Amino acid sequence: MTQYPGNTQNNNHESNSEDEEDMNTPAEAGVISKLELKNFMCHDSFVLDFGPQINFIIGRNGSGKSAVLTGISVALGAKATDTDRGNSLKGLIKHGKNVSRATVTLLNRGPQAFKQEEFGDKIIIERVLKIEGSHSISVKNSKGKTLSTKKSTVDEILQFFSITIANPMTILTQTEAKNFLAHSSSTDKFNSFMTGTRLKEAYDNLKRTFIDAKEVSKALEEHEQIYKDVSKELEEAKEVVS
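Below is a short write-up of the structure.

Our focus in this paragraph is the overall build of the chain. Looking only at helices and strands, the chain has seven helices and six strands in total. Shown N-terminal to C-terminal, the secondary structure of the chain runs as helices and strands in the order α-β-β-α-β-α-β-β-β-α-α-α-α. Here the chain has a C-alpha radius of gyration of 27 Å; the compact-globule value for 242 residues is 18 Å, and the former is much larger. Overall size of the chain, expressed as C-alpha extent along the three principal axes, is 90 × 80 × 50 Å. The buried share of the chain, reckoned over its 242 residues, is 27%. A separation threshold of at least 6 residues defines the contact pool for the chain, and within that pool the share at least 24 residues apart is 54%.

Further remarks concern the packing of aromatic side chains. Overall, the coordinates contain three aromatic pairs when judged by the stated rule. Between the aromatic rings of Phe114 and Phe160, the centroid separation amounts to 5.2 Å while the plane-to-plane angle is 65°, which identifies the pairing as edge-to-face. Highlighted residues: Phe114 in the loop between strand S3 (99-108) and helix H3 (116-119) and Phe160 in helix H4 (residues 151-160), separated in sequence by 46 residues. Overall, the relative accessible area of 42% leaves Phe160 in the partly exposed class.

Attention now moves to a nonpolar patch on the surface. Together, Ile54, Phe56 and Ile58 line one region of the surface with nonpolar side chains, adding up to about 460 Å² of accessible area. Structurally, the position occupied by Ile58 is in the loop between strand S2 (43-49) and helix H2 (65-75). Classification of Ile58 as exposed rests on a relative accessible area of 78%.

Bringing the sheet that holds strand S5 (residues 136-140) into the picture now. Sheet architecture is open: six strands sit in the order S2-S1-S3-S4-S5-S6, paired in antiparallel fashion. One side of each edge strand has no neighbouring strand; the edge strands of this open sheet are S2 and strand S6 (146-148). In this sheet, neighbouring strand axes are inclined to one another by 25° on average, regardless of whether the strands run parallel or antiparallel. Here S5 pairs with S6 via two bridges, running antiparallel. Pairing of Lys140 across the sheet is with Thr146, part of S6. Docked against the sheet, H4 engages S3, strand S4 (122-130), S5 and S6, running at close to 55° with respect to S5.

Core analysis: the largest hydrophobic core is formed by 34 residues, its most contacted members being Phe40, Ile123 and Ile157. Taken together, the elements giving at least two residues each to this core come down to strand S1 (29-40), H2, S3, S4, S5 and H4. Discounting chain neighbours no more than four positions away, the residues touching Ile123 are Val104, Thr105, Leu106, Asn108, Phe114, Val139, Lys140, Ile157 and Phe161.

Going through the model one piece at a time under the given rule, you end up with eight salt bridges. As a salt-bridge pair, Arg101 and Glu126 come within 4.0 Å of each other at their nearest N and O atoms. Of this pair, Arg101 sits in strand S3 while Glu126 sits in strand S4; the two residues are 25 residues apart in sequence, bridging distant segments of the chain. Taking the relative accessible area as the measure of exposure, Glu126 reaches 15% and is therefore buried. For Glu201, the salt bridge goes to Arg198, with nearest N and O atoms at 2.9 Å. By relative accessible area, Glu201 is classed as partly exposed at 32%. Because the salt bridges share partners, they merge into one network encompassing Arg101, Glu126 and Lys140.

Let us now look at the pairing of S2. For S1 and S2, the ladder comprises six bridges, and the chain directions are antiparallel. Looking across to S2, one finds that Leu35 is bridged to Leu48.

In terms of residue burial, H2 counts as a mostly covered element, since eight of its 11 residues are buried. Three or more residues of H2 are buried, namely Ala67, Val68, Thr70, Gly71, Ile72, Ser73, Val74 and Ala75. Among the structural elements, S1, S2, S3, S4 and S5 are those in contact with the buried residues of H2.

Bringing unusual backbone geometry into the picture now. In this structure, Asn39 is a non-glycine residue whose phi angle is positive, near 55°. Of note in this structure, Ser162 is not a glycine but carries a positive phi near 60°. Looking at the element boundaries, Ser162 is found in the loop between H4 and helix H5 (174-182).

Rules used in this analysis
- Residues numbered from 1 in each chain as written.
- Predicted model: local features only at pLDDT ≥ 70, side-chain atom pairs only at ≥ 80, totals over all residues.
- Heavy atoms only, no water.
- Helix = DSSP H or I, 4+ residues; strand = E, 2+ residues; numbered from the N terminus.
- Rg over C-alpha atoms; globule rule 2.2 N^0.38 Å.
- Buried < 20%, exposed > 50% of the residue type's maximum accessible area, 1.4 Å probe, protein only.
- Contact = heavy atoms within 4.5 Å.
- Phe/Tyr/Trp six-rings, centres within 6.5 Å; stacked < 30°, edge-to-face > 60°.
- Patch = residues over 30% accessible without salt bridge, like charges linked within 9 Å, V, L, I, M, F, W, Y side chains within 5 Å.
- Areas by Shrake-Rupley, 256 points an atom, 1.4 Å probe, with all protein chains shown as cover.
- Salt bridge = Lys/Arg side-chain N within 4 Å of Asp/Glu carboxyl O.
- Pairing = 2+ DSSP bridges.
- Axes fitted to C-alpha atoms, helices over the stretch in contact; angles between N-to-C directions.
- Core = buried A, V, L, I, M, F, W, Y, C linked by side-chain atoms within 4.5 Å.

In structure tokens, the structure reads:
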């Protein structure tokens, strides 16, 4: 008869309970805690504090629900074509205003935080749109100090938290939803699945890796031949000198 430690069942039960508790615990990093819109689309001044898990935004037609989703995507660096709102971000500035702001605050706590020693427990990303002049983006720490004004910093943060703005599973515009349900073919649905699950991204990365590996292998072969030729010339030179 095989004997097992008496507390094995309890340990397994405790482990399962801990796993279930972790799954039900709200994320502490990489989630949006606040959205601020200023002169953005139909909003003069709008502030929304998000709950820790699922949030539902309801309202009548034209009340600005879609502006919330658009504001989030714009603040996180989306292009005009990603917003389904025309070809220019200037069109998102409220009529009669010259400047618009969309600001997103991300939680940045716990072991999954992004450079917490620099940003603290919050990361603030602000996008400023202008009728005249170029748009700007700034990344601030929890104290409101600007640490970067580069889009690449925003991209680094989003990549760290696995947030892909162009992913339909992340942000699904009204037009995309209608087209997917009414007009998409089997191929379109498959492509949406590949994009939404990030399998396409993984495939593209793997494809680029194979191409890079071939180029590196080719370069190694060329350098190896150069090394052989130089070594041969060196030996010939030694013979001449001796």
